[in-house]
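The residues making up each chain are set out below.
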Amino acid sequence: LRSMFNIDTILFEILGYRMSLLELLAVLTGLAAVWYAARANIITWVFAIVNAVLFFMLYYQVNLYSAMVLQIFFFCNAIYGWFNWRRQSSDGDKPVTLLSHKARVFWVAGIIAFALAMGTVMGKIHLWLPDFFPVKATFVYTDAMIAVMSIAASLLCARLKLENWILWILVNIMSIAMYAMRGIMLVSVQYVIFLAMAIYGFMQWRRKVNLK
């Protein structure tokens, strides 16, 4: 079972790219989670839980430690999102709302501060915990910014805030480049699809906005 979820265990090769079972399953569950989120369907959180576990294993193996730690948050947030969406609506119509201008400033400032802090920590974690992180992290601050923005977007999604999709659009653009440069091409392609889904999600949720 352990070798089955090793990124070096190749399932098949296509156009010269060696595809592992772990990467394939992580991508497919991620696509399903975003698709259902864009449609404001509560099933998104089931796929999000499985996706977090798979990507935790994947990112550890490619030394993207901020992204790896992010999966712990995603796992917990998926459980919170499931219960919050059930509580918010019993008839299937989700009450989407907007952040206030003051709240938007707060969220932006918080994202920048936490990304800088996380990048600093992850840039040195291989020195502090060499047994767990024997290889230095790659793309330290980009990875950290993506991680923190993803946390903020996930929280806003669980709270049914429209702005979550704006953050996801930015996250996806950054992720397309980072994962392509890191060599996990299917994950990069996944984020191209995520980008299209995030734009679709924004348009779908905007129709549901409750301005009260």
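Residues numbered from 1 in each chain as written. Predicted model: local features only at pLDDT ≥ 70, side-chain atom pairs only at ≥ 80, totals over all residues. Heavy atoms only, no water.

Enquirer: I'd like a rundown of the nonpolar core, residues and numbers included.
Expert: Counting residues in each nonpolar core, the largest one holds 69 residues, and the members touching the most others are Tyr-59, Tyr-179, Val-187 and Trp-205. If you list the elements that add at least two residues to this core, you get β2 (17-20), α1 (21-38), α2 (44-61), α3 (65-88), α4 (101-128), α5 (140-158), α6 (164-182) and α7 (185-206). For this core, the leading source of residues is α5, giving eleven residues. Aside from chain neighbours lying at most four places away, what touches Tyr-59 is Leu-64, Ala-67, Met-68, Gln-71, Tyr-179, Val-187 and Tyr-191. (Core = buried A, V, L, I, M, F, W, Y, C linked by side-chain atoms within 4.5 Å. Buried < 20%, exposed > 50% of the residue type's maximum accessible area, 1.4 Å probe, protein only. Helix = DSSP H or I, 4+ residues; strand = E, 2+ residues; numbered from the N terminus. Contact = heavy atoms within 4.5 Å.)

Enquirer: Requested: an account of unusual backbone geometry, with residues and values cited.
Expert: Positive phi, normally seen in glycine, also occurs at Phe-139, with a value near 45°. Along the chain, Phe-139 turns up in the loop between α4 and α5. Take Phe-139: its relative accessible area is 31%, and that puts it in the partly exposed class. You will see that Leu-160, though not glycine, has its phi angle at about 60°, which is positive. For Leu-160, the position within the fold is in the loop between α5 and α6.

Enquirer: Pulling in residues and values, what's your account of the packing of α5 against α6?
Expert: Contact geometry for α5 and α6: axes closest at 9 Å, N-to-C directions at 155°. Between α5 and α6, the interaxial angle falls into the category roughly antiparallel. Here α5 runs over α6; the crossing is left-handed. Residue-level contacts link Thr-142, Asp-143, Met-145, Ile-146, Met-149, Ser-150, Ala-152, Ala-153, Ser-154, Leu-156 and Cys-157 of α5 to Asn-164, Leu-167, Trp-168, Leu-170, Val-171, Met-174, Ser-175 and Met-178 of α6. (Axes fitted to C-alpha atoms, helices over the stretch in contact; angles between N-to-C directions. Parallel < 35°, antiparallel > 145°, perpendicular 65-115°, else oblique. Left-handed = near helix turned anticlockwise from the far one by under 90°.)

In short, shape yes, function no, at least from these values alone.
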